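Okay, here's what each chain looks like letter by letter:
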Protein chains: 4
Amino acid sequence: MQTNEEQTPGYGADMHCERAAGYIRKCCGKEDAAIHFLVGGTQANLTVIGALLKPYQGVISSEWGHIEEHETGAIEATGHKVLILPGTDGKISAAQVEDLCRDHAHDENHEHRVQPGMVYISHPTENGTLYTKRELKEMARVCRKWGIPLYMDGARLGYGLAVTAAAEERQEDWPSLPDIADLCDLFYIGGTKVGAMFGEALVITNKAYQEDFRYHIKQRGALLAKGRMLGIQFEVLFEDGLYVETASHAVAMADLIRQACVQRGYSFLYETVANQIFPIFPERVIRELQRNYVFFVRTRTGEVKGEPHAAVRICTSWATTEANARQLAADILST
Amino acid sequence: MQTNEEQTPGYGADMHCERAAGYIRKCCGKEDAAIHFLVGGTQANLTVIGALLKPYQGVISSEWGHIEEHETGAIEATGHKVLILPGTDGKISAAQVEDLCRDHAHDENHEHRVQPGMVYISHPTENGTLYTKRELKEMARVCRKWGIPLYMDGARLGYGLAVTAAAEERQEDWPSLPDIADLCDLFYIGGTKVGAMFGEALVITNKAYQEDFRYHIKQRGALLAKGRMLGIQFEVLFEDGLYVETASHAVAMADLIRQACVQRGYSFLYETVANQIFPIFPERVIRELQRNYVFFVRTRTGEVKGEPHAAVRICTSWATTEANARQLAADILST
Amino acid sequence: MQTNEEQTPGYGADMHCERAAGYIRKCCGKEDAAIHFLVGGTQANLTVIGALLKPYQGVISSEWGHIEEHETGAIEATGHKVLILPGTDGKISAAQVEDLCRDHAHDENHEHRVQPGMVYISHPTENGTLYTKRELKEMARVCRKWGIPLYMDGARLGYGLAVTAAAEERQEDWPSLPDIADLCDLFYIGGTKVGAMFGEALVITNKAYQEDFRYHIKQRGALLAKGRMLGIQFEVLFEDGLYVETASHAVAMADLIRQACVQRGYSFLYETVANQIFPIFPERVIRELQRNYVFFVRTRTGEVKGEPHAAVRICTSWATTEANARQLAADILST
Amino acid sequence: MQTNEEQTPGYGADMHCERAAGYIRKCCGKEDAAIHFLVGGTQANLTVIGALLKPYQGVISSEWGHIEEHETGAIEATGHKVLILPGTDGKISAAQVEDLCRDHAHDENHEHRVQPGMVYISHPTENGTLYTKRELKEMARVCRKWGIPLYMDGARLGYGLAVTAAAEERQEDWPSLPDIADLCDLFYIGGTKVGAMFGEALVITNKAYQEDFRYHIKQRGALLAKGRMLGIQFEVLFEDGLYVETASHAVAMADLIRQACVQRGYSFLYETVANQIFPIFPERVIRELQRNYVFFVRTRTGEVKGEPHAAVRICTSWATTEANARQLAADILST
């Protein structure tokens, strides 16, 4: 509201966007990164992938990748195949990418097959898991070996960075924002899922992909006219660490719930550390909890001692109150 | 800010969007229209045109159409040609459309040419002109005759409706919102250029084009996650007439400036009635005015009595104060 | 050569194409089928699939489907996802399609996922297997239930029809050409792989997909200027049964080789009945045979009694001489 | 027929294609040119243009260009806009291209407009006209200045080269095949319209565009399985000069007819020198001639001395006999 009367240039050329970009560059430790603000995640993914791939190339992704499963074919609508790799937890490994690229290159009919042209990972993944710094390094090495860019979908990046921040003392091996900026050719910092009204900040660290990028954004209908609406949000989120702070709250709330599950003896579909947890409950417990809480049932996991079980997805955010989290933890403990 | 703590479903399924859609349906006099809220105009255009056309069809547009000139090939990126018609003022006529369709149908090689599949008009046009109700009726008749939808880009629709509202007593022939809803198969009501932070409300009145439309929106990256941000704005704009009220202010401000031009004896590049005016000034006057005002020089128009002249584009908005408008009018009178 | 001096209209409007279409309609028992002649299989697939799908729809295929594996992303380049189903032998089942369609329809986020819009099968498949008439009927039933077209890639159709013809007395359950024309909405009869220099005859039996189809062909660069080159070939192939006759020879040659494998005690990767066979040989035998024959090694299948084995792909054609086939059979028997 | 029993590798990797490519390279004076054989002209155009342009770029063409008028939006279906330049004779000038590129670069909203990314010319043009060597040089200079490739559609190239060959003694300024190979980044040598059954030979002289080109061909469905069918034709056409010889016959036949028109006092819609002529006849004469000849009426040109006139298109080919040409000439003289 404070900026409504400001007269600013449109299309992201205003002071708020400029300042926000400056803060982000600083947090990334990349003074020459190009920063663009887009409205949403699918929009960012289709714009980036459509921009970087040659017509005959596809993008490598986990079978759980958002671009594979939940974007209504947005990537294919830009003309490109998603080359999927299997894996239960939403992550793909450098070894899988290496195999796929080598297999393609050695096929004598390689011209009849889509050429791998890019690696897409999400961090945290759709299944709530995180790449370690070591895994990310190895992925970057393989990508550089094959000459293809590494792109990270950071729709939930804040929650990953919150884990990294919390783990500093514990000497765990999670990647920081400068690590990510070093290892990925480009990535986006998600606002929509981490406290913003909307907005994703695309960071292009590899200069080879910076040229003329605004053309791509405009062509995909992704250039917000009153761009300052995006700039203002990221300015606030990145000026003083609010982004990670907000996410840390959500991760702490998830931890409360996770610990209750562990204490009560429930196991998990995926081992997660950020703001998503996938506990396996008896179906009777699920029905009970759903009276008061909204969550998805992810997968039926079979019977344990004659009782049907299923994994559910519980997700916290900046808006999750401690009172609510504690209540849910207590409710889980009393099942 | 009042809604930040509300817990709502995402993707436009919230109460704000529902209420906003209800208000718009009522204003249109179309209880069964489908309403979708999108973020921006290029996004709306590419989603609609990509959705409605068959692969071998193109969209008919004025050579001045936004889709032809200012969307970085967004329409072609969905696979479709823009079939342009000439005209100085940004409007196209029903007779032009009739000729193009008949010429195509009678060409024995018609299968080698793009089939006209849709008519795109903007109202007000990019050149500030308006279709009369009679012109719009005639266009709708030709479109129905050839079985192709009529789509109106209403990025500036509020300013057109403001003219219609003001003209009611003068018995002029401008189309009202119910007229537009009757005559067009679909159109969008622009928020971005008429006081909203962002957002366009797509109104699909023809049921043939309503099915599965959300798939198109999602695929184009145009489905806003926190859809209530769009709903809230249109709720406010359409609950009590704020939309036309806001636009009427801008039109009144343009009228002040227009009258000053007329009084001072300046002519115009296009005869406009809404919030854009295109007066022709001596270049010396332009340089003088540009010391205090920001506007585009549109076209050099040659010399008058040895002095070079050019047409400029002056545009008012909800944020134009009466003081500023009066000052500009005075400055024009004193040139 | 006999037609080189003929003056004919271009683009498939000549007498040869007309006659060829007439013969094909008669063989299919479909007097109102639309027939189009295209140059190659990938071209036919991308033209058909790009034509029939709505932008947000994908095509269901086996993971072994030619469109999935060997067309360099041609389908995705028209904007559509290939929705793959697993299976070892290249076939997909009606039950799989039913499950996929039901799963999609029941997903509350279905608008975020690609809608299944078409079923693609090949017959014979890329793995040399055939659909029974019963399987094809069941697939057609499921497709009609869900309102999506069934499309058959008949690149090798002749070899399937040769099996059907040979099996008539044996009362086996293979589909005839009229069966296929009844059950599929559209399919193509492969010329390139069955004796022609090039060319595929697309048969559209469902009238809903016949309109304006030549526009699609032209847009994809698939409308041969001197169309009579295609017409002549299919005229000859379908006037007197030469198509199935040619294919029957290839199938008989494959049978000779298959019997030798059986007699010698070799097993097969897939159970095939047409012109492709996939016997599993000791790798030592493969090296021996490759001195005189050209064939692909398909899959290493592990060790048997300490000796590494692999499946190979042996393929016969109209040009395979009986002498050569008998020689290979003898060579296999003497391993 | 002589090659039907040959066993060759598929997809253009055979000896005929290799030899044909060698002959073409030699005729072009470009030992390192990449040569690919495609089936048709629209296919060549959409494959080349889709391959070279970045997503936000368009291709510059005359308003008469084949890609603009007669390919059913094939270029737009690959995602790209055709940026048209006006001109009556089908040619565009280097000055026009310079202006368009400069205008784009200097527009402060250039990111909202399609970036010019390629120049497409045809030689001879659709209107039968030819570029002079000087014009072609100037065009190449402007293209290099702006960093965009120059692509020549040579569907009728033989007829242009026939004019060049005939003009050698007359010291006229038409470009030779080596000139074209020097000045264009890539071009195709048309077979379909110059005596072949089908086939176009794409010559990529600029190494920057050679990499991975076969992927593009396969993806567009343009990789002929039995590629030797293309190789054989170009082998014969380019081994001993048959290509230009064939075309020269057609040009000589057109000259006979052209001279008759001149002698009888008829004028022309376009001044042409190759195998197309566009004489302007009284409509009465047209009706008379159409009793015995097939040709298009191009444009009504108004009345001369009260009699309505129109321009027609007369086109000769390798198959035009001298007897027929002389008869037409005589018939024109006796009108």
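Residues numbered from 1 in each chain as written. Chains lettered and ligands numbered in written order. Predicted model: local features only at pLDDT ≥ 70, side-chain atom pairs only at ≥ 80, totals over all residues. Heavy atoms only, no water.

What follows is about the interface of chain C and chain D. Listed as interface residues are 28 residues of chain C and, on the opposing side, 29 residues of chain D. In total, chain C and chain D occlude about 2,400 Å² of area from one another, counting both sides; carbon and sulfur atoms represent 59% of this. By the criterion of area lost to chain D, the three top residues of chain C are Thr72(C), Gln219(C) and Lys226(C), representing 23% of everything that side buries. Counting every contact that joins chain C to chain D gives zero salt bridges. At the boundary of chain C and chain D, one finds eight residue pairs in polar contact (both at pLDDT 80 or more). Mapped by element, the contributors of at least two residues to the side of chain C that touches chain D are helix H2 (41–52), helix H4 (74–77) and helix H9 (213–219) of chain C. Grouping the constituent residues of the side of chain C that touches chain D by class yields 13 nonpolar, 10 polar and five charged. (Contact = heavy atoms within 4.5 Å. Buried area = accessible area lost by both parts, 1.4 Å probe. Salt bridge = Lys/Arg side-chain N within 4 Å of Asp/Glu carboxyl O. Polar contact = N/O pair within 3.5 Å; in protein donor to acceptor, adjacent residues only side chain to side chain. Helix = DSSP H or I, 4+ residues; strand = E, 2+ residues; numbered from the N terminus. Nonpolar A, V, L, I, M, F, W, Y, C, P; charged D, E, K, R; others polar.)

Its rotation angle being 180°, the transformation that places chain C on chain D also includes 0.0 Å of axial translation and leaves an RMSD of 0.1 Å. In the structure described here, the two chain copies are related by an operation that fits a two-fold rotation axis. Comparing interface residues between copies, 100% of those in chain C also sit at the interface in chain D, which points to an isologous, same-surface contact. (Least-squares fit on C-alpha atoms with pLDDT ≥ 70 in both.)

Moving on, we come to the interface of chain A and chain B. Often, the extent of an interface is quoted as the loss of accessible area on bringing the components together. Chain A puts 29 residues into the contact, and the matching count from chain B is 28 residues. The junction of chain A with chain B conceals about 2,400 Å² of combined surface from both sides, 59% of it contributed by carbon and sulfur atoms. Where chain A touches chain B, the interface holds zero salt bridges. One can count eight residue pairs in polar contact (both at pLDDT 80 or more) joining chain A with chain B. Those elements giving two or more residues to the side of chain A that touches chain B turn out to be helix H2 (41–52), helix H4 (74–77) and helix H9 (213–219) of chain A. Residue composition of the side of chain A that touches chain B, grouped by class: 13 nonpolar, 11 polar and five charged.

Our next topic: the pattern of salt bridges. Residues and elements named next belong to chain C. With the rule as written, the count across this model stands at 72 salt bridges over all chains. With a shortest N-O distance of 3.1 Å, Arg-113 and Asp-103 are connected by a salt bridge. Linking Arg-113 in the loop between helix H5 (94–106) and strand E4 (115–122) with Asp-103 in helix H5, this pair joins segments that are 10 residues apart in sequence. The buried category is assigned to Arg-113, whose relative accessible area is 17%. Note on Asp-103: relative accessible area 44%, which makes it partly exposed. (Buried < 20%, exposed > 50% of the residue type's maximum accessible area, 1.4 Å probe, protein only.)

A few words on the side chain of Thr47(D). Mapped onto the fold, Thr47(D) is located in helix H2 (residues 41–52). Setting aside residues no more than four positions away along its own chain, Thr47(D) makes contact with Leu38(D), Phe213(D), His216(D), Ile217(D), Arg220(D) and Ala222(D).

Moving on, we come to the environment of Lys30(A). Residues and elements named next belong to chain A. Note that Lys-30 resides in the loop between helix H1 (15–28) and strand E1 (34–38). Sequence spacing of Lys-30 and Glu-200 is 170 residues, and the spatial spacing of their C-alpha atoms is 18 Å. Excluding residues within four positions of it along the chain, Lys-30 makes contact with Arg-25, Ala-181, Asp-182 and Thr-205. Only 2.9 Å separates the side chain of Lys-30 from the side chain of Asp-182, close enough to count as a polar contact.

Before going further, it helps to spend a moment on the side chain of His104(D). Among the structural elements, His104(D) can be located in helix H5 (residues 94–106). His104(D) gets classed as buried once you look at its relative accessible area, which sits at 5%. Among all residues touching His104(D), those that are not within four sequence positions of it are Tyr215(A), His110(D), Arg113(D), Val114(D), Gln115(D) and Pro116(D).

Given 3.6 residues per turn, any residue in an α-helix points the same way as the ones three and four places further on. All names here are of chain C. For helix H10 (residues 228–239), with 12 residues, the first-to-last C-alpha span of 15 Å sits near the 16 Å given by 1.5 Å per residue. Here H10 lies mainly inside the structure; nine of its 12 residues are buried. Inspection of H10 places Arg-228, Met-229, Leu-230, Gly-231, Gln-233, Phe-234, Glu-235, Leu-237 and Phe-238 among the buried residues, and these make up the whole buried set. Summarising the contacts, the buried residues of H10 are in contact with helix H1 (15–28), strand E1 (34–38), helix H8 (177–183), strand E6 (186–190), strand E7 (200–204) and helix H11 (242–264). A positive backbone phi angle near 85° is found at Gly-241, which sits one or two residues after H10. (Expected span 1.5 Å × (residues − 1).)

What the rule picks out here adds up to 34 aromatic pairs over all chains. Here the aromatic rings of Tyr270(A) and Phe278(A) are separated by 5.0 Å at their centres, their planes lie at 75°, and the arrangement is edge-to-face. Note on Tyr270(A): relative accessible area 7%, which makes it buried. Residue class for Phe278(A) comes out buried when judged on its relative accessible area of 0%. Stacked on the ring of Tyr131(C), the Lys or Arg Lys91(C) has its end atom at 5.4 Å from the ring centre. (Phe/Tyr/Trp six-rings, centres within 6.5 Å; stacked < 30°, edge-to-face > 60°. Lys NZ or Arg CZ within 6 Å of the ring centre and 35° of its normal.)

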